[in-house]
Amino acid sequence: MDQPNATYAVKLYIYDLSRGMARQLSPIMLGKGWHTSIVVYGEEFFFGGEGITGCSPGGTLLGEPNTIVDLGSTEVTEEIFMEYLSSLGESTYRYRLFEHNCNTFTNEVAQFLTGCKIPAYITDLPSEVLSTPFGQALRPLLDSITIAPPGGNVINGQDSQR
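Quick look at the structure, then. Since this is a predicted model, take the numbers as computed values, not measurements.

### Quick word on the environment of G48
Part 1: Assignment of secondary structure puts G48 in strand 3 (residues 43-48).
Part 2: Accessibility expressed as a relative area gives 1% for G48, which makes it buried.
Part 3: Put simply, G48 and N103 are 55 residues apart on the chain and 9.7 Å apart in space, counted from C-alpha to C-alpha.

So this is what it looks like as structure tokens:
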């Protein structure tokens, strides 16, 4: 049960999806590809092809994050937060690699909880990729990709009727 006037730490988990390979393989790949999630109330929340998912912190097959950023704290109760996630899953969030992905989800959730955005180097990546000829050429293929890190329990999946 949530305590009145309680505050809860909010963390941003950042994973390098290429595990360092993109930087080594080619500058065309821009040397980066991030998966992000929010950790709050002792649970990690992320968005992928299967919808909004929760697991224990570091509980996906991605393992431990490469970086953890302290986003501050929130007074939003867990009950209100879960209602918020449920409403996102029912309305806005359908996975699209460039428009609605784990990073846009994490950015929106961070703002809801703390009023702060996640770092721009993460949220700007889609436009950075699409601004290159290589990104434009690959866009049709990239638009068909769905990323869903294994591990965790779907809170509100794309086809869920919760």
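### Overview of the packing of aromatic side chains
Part 1: Going through the model one piece at a time under the given rule, you end up with eight aromatic pairs.
Part 2: Taking 5.1 Å as the distance between ring centres and 75 degrees as the angle between the ring planes, the aromatic pair formed by F45 and F81 counts as edge-to-face. Taken together, the residues span a long stretch of sequence, with F45 in strand 3 and F81 in helix 2 (residues 78-90) at a distance of 36 residues.
Part 3: The class for F45 is buried, based on a relative accessible area of 0%.

### A short note on the pairing of strand 4 (residues 51-55)
Part 1: The buried fraction of strand 4 amounts to five of the five residues, a majority that puts the element mostly inside the structure.
Part 2: Looking at chain direction, strand 3 and strand 4 are connected through five bridges and run antiparallel. Bridge pairing in strand 4 places G48 opposite G51.
Part 3: Linking strand 3 to strand 4, which pair antiparallel, is a turn of two residues.

Calculation rules
- Residues numbered from 1 in each chain as written.
- Predicted model: local features only at pLDDT ≥ 70, side-chain atom pairs only at ≥ 80, totals over all residues.
- Heavy atoms only, no water.
- Helix = DSSP H or I, 4+ residues; strand = E, 2+ residues; numbered from the N terminus.
- Buried < 20%, exposed > 50% of the residue type's maximum accessible area, 1.4 Å probe, protein only.
- Phe/Tyr/Trp six-rings, centres within 6.5 Å; stacked < 30°, edge-to-face > 60°.
- Pairing = 2+ DSSP bridges.

Any functional reading would require information that these geometric values do not contain.
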